[in-house]
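Remarks on the overall topology
This is what each chain is made of:
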Amino acid sequence: MTRTSAPNASCFARARINTHFHTHSRARTVRRASVVAHAETMKIGFLGCGIMGVPMAKNLINAGHEVTVWNRTSDAAKPVVDAGAALAATAAEACAASDVTFVMVSTPEAATAVANAAKDGLSAGKGYVDVSTVDAETSSAIAEIVRSTGAEFLEAPVSGSKKPAEDGALIFLCAGDETLYRRCSEPLETMGKAHFFLGDVGQGAKMKLVVNMIMGSMMTAFAEGLTLSEKCDLDPETLLQVISLGAIASPMFALKGPTMNAGAFPPAFPLKHQQKDMRLAIALADQLRQEMPVAAAANELYKRAARDGCDDEDFSAVIKAVKK
Ligand code: NAP
């Protein structure tokens with residue numbers, strides 16, 4: 001396997017001493033899938049079958065890994081079982097059957113509950129990789145639970161949403177046990193287009209919160225712009241075109257703009273998770289006495305939209321709060 005080095009030297013320059021960055025082309029991922037089936041098959045547990053967990057687990061199966069899946073509500077695991085996974089009755093059973101277990105659940109509370117439920121299936125030689133978005137304190141507590149069994153721990157929250165999860169194009173922000181990070185390079189490459197190692201437990205969680213705080217603020221500014229254009233009789237489709245041609249063009253605006261203009265919000269990234277991430281990022285800034293007036297204002301809009309019943313809609317439904 002050949003990896004390309006960081007395409008942008010600043011990625012390395014900004015990183016701390018222990019930081020590594022790996023990326024690879026989509027073509028290489030496709031090639032890898034057939035190689036894995038013969039050479040590097042792993043026993044992988046997967047806990048959590050939501051919007052993200054289902055396509056991630058299916059990609060592992062398609063790459064030839066032997067996957068054992070568990071979800072709190074077993075019905076939601078059906079698409080993964082139909083794709084070829086074994087269904088475990090408990091989180092611990094999935095870990096016991098696997099070399100490495102990935103976890104993709106909703107909140108810090110859920111991730112902690114799952115780690116406590118999984119620990120009886122963990123032991124020395126096994127790995128536990130939590131890819132949920134949580135705060136650094138929660139991740140450290142989970143690391144303690146996992147390491148107390150002798151197993152290794154990696155936090156690896158992902159940047160990217162439902163479509164990148166389906167396409168195996170996520171970006172993993174990893175921190176924790178570097179030996180486990182190295183052991184996981186194949187599944188990380190199957191599920192993602194890039195993975196970073198950022199150092200001690202907590203650094204991946206913090207990076208993820210910073211990224212999602214920026215995304216959440218961008219989305220509210222975009223929602224305000226779309227609303228203002230409509231109010232002053234500018235064609236919102238033309239606004240999207242203008243944005244797409246200039247320096248503020250972004251894949252997120254291109255993807256979400258048309259559905260927002262159409263008033264459709266099928267959940268790719270549920271609004272309740274975006275509000276959770278704003279809340280956790282603001283709490284992180286509080287600890288560091290860092291002012292974040294833009295994020296704080298954006299958070300108010302997510303709270304308003306959540307209160308108005310948009311929790312399970314896409315986070316772009318925040319435009320409803322702007323329009324109110
Ligand atoms: P989701 O569709 O809401 O799925 C949440 C999952 O968590 C479900 O499997 C759910 O199980 C499980 N869960 C919730 N509470 C639990 C508990 N107390 N014990 C055990 N399991 C519990 O969420 P998602 O969109 O896949 O996101 C998962 C994580 O990835 C979140 O941390 C989110 O912030 C992050 N993330 C999401 C995206 C995205 O675009 N969707 C992108 C990057 C990161 P049940 O089926 O039993 O409810």
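Residues numbered from 1 in each chain as written. Predicted model: local features only at pLDDT ≥ 70, side-chain atom pairs only at ≥ 80, totals over all residues.

Buried residues dominate strand β2 (residues 43-47), accounting for 4 of its 5 residues. Strand direction decides the pairing type here: β2 and strand β3 (residues 66-70), joined by 5 bridges, are parallel. Each residue of the ladder has a partner; that of Phe46, found in β3, is Val69. Relative to strand β5 (residues 100-103), β2 runs parallel, the two sharing 4 bridges. Bridge pairing links Gly45 to Thr101 in β5. (Buried ≥ 20, exposed ≤ 12 C-beta atoms within 10 Å, placed from the backbone. Helix = DSSP H or I, 4+ residues; strand = E, 2+ residues; numbered from the N terminus. Pairing = 2+ DSSP bridges.)

The nonpolar side chains of a soluble globular protein tend to be buried, and buried together. Core analysis: the biggest nonpolar cluster contains 86 residues, and Ala57, Val69, Cys174 and Val318 have the highest contact counts within it. The residues that make up this core include at least three from each of domain 1 (9-200) and domain 2 (207-323). With sequence-adjacent residues up to four places away left out, Val69 is seen in contact with Phe46, Cys49, Ala57, Ala77, Val80, Val81, Ala85, Leu87, Ala88 and Ala94. (Core = buried A, V, L, I, M, F, W, Y, C linked by C-beta atoms within 7 Å. Domains from an automatic or database assignment. Contact = placed C-beta atoms within 7 Å.)

Bringing the pairing of strand β10 (residues 192-197) into the picture now. A large share of β10 lies buried, amounting to 6 of its 6 residues. Across 5 bridges, strand β9 (residues 170-176) lies against β10 in parallel orientation. Across the sheet, the residue bridging to Phe172 is His195, located in β10.

The subject of this paragraph is the site of the ligand. Around the ligand there are 25 residues in total, and Gly50, Arg72, Ala110, Ser161 and Phe269 lie nearest to it. The dominant element in the shell around the ligand, judged by the number of residues it contributes, is helix α6 (residues 108-118), at 3 residues. (Near = placed C-beta within 6 Å.)

Turning our attention to unusual backbone geometry. Even without being glycine, Asp233 reaches a positive phi, approximately 60 degrees. Within the secondary structure layout, Asp233 lies in the loop between α11 (203-231) and α12 (236-245).

So, on to the confidence of the model for the chain. For the chain, the mean per-residue pLDDT works out to 90, and 88% of the residues sit at or above 70. This stretch, residues 1-19, has a pLDDT under 50; its non-local contacts, to residues over four places away or in other chains, come to 18 contacts. Below a pLDDT of 50 lies the segment residues 24-39, which in the model reaches 20 contacts outside its immediate sequence neighbourhood of four places, other chains included. (pLDDT = per-residue confidence, 0-100.)

With that out of the way, let us pick up the packing of α11 against helix α14 (residues 271-287). The description of two helices packed together rests on the angle between their axes and the distance between the axes. Relative to each other, α11 and α14 sit at 115 degrees, their axes nearing to 9 Å. Every pair of crossing elements has a handedness; the one defined by α11 and α14 is left-handed. Of α14, the residues touching α11 (which contributes Lys206, Leu209, Val210, Asn212, Met213 and Gly216) are Gln274, Asp277, Met278, Leu280, Ala281 and Leu284. In the contact of α11 with α14, the residues fall into 7 nonpolar, 3 polar and 2 charged. (Axes fitted to C-alpha atoms, helices over the stretch in contact; angles between N-to-C directions. Left-handed = near helix turned anticlockwise from the far one by under 90°. Nonpolar A, V, L, I, M, F, W, Y, C, P; charged D, E, K, R; others polar.)

With that settled, the discussion passes to the packing of α11 against helix α15 (residues 293-310). One can describe the packing of α11 onto α15 by two numbers: an axis separation of 9 Å at closest approach and a directional angle of 70 degrees. On the basis of their axis angle, the class for α11 and α15 is roughly perpendicular. Relative to α15, the crossing made by α11 is left-handed. Each of Met213, Gly216, Ser217 and Thr220 in α11 lies in contact with α15, whose residues at this interface are Val294, Ala295, Ala298, Leu301 and Tyr302. Residues belonging to the contact of α11 with α15 are distributed by class as follows: 6 nonpolar, 3 polar and no charged. (Parallel < 35°, antiparallel > 145°, perpendicular 65-115°, else oblique.)

Moving on, we come to α14. Helix length check: α14, at 17 residues, gives a terminal C-alpha distance of 24 Å against a target of 24 Å (1.5 Å per residue), a fit within 8%. Elements in contact with the buried residues of α14: α11, α15 and α16 (318-323). Arg289 lies just past α14 and shows a positive phi near 55 degrees. (Expected span 1.5 Å × (residues − 1).)

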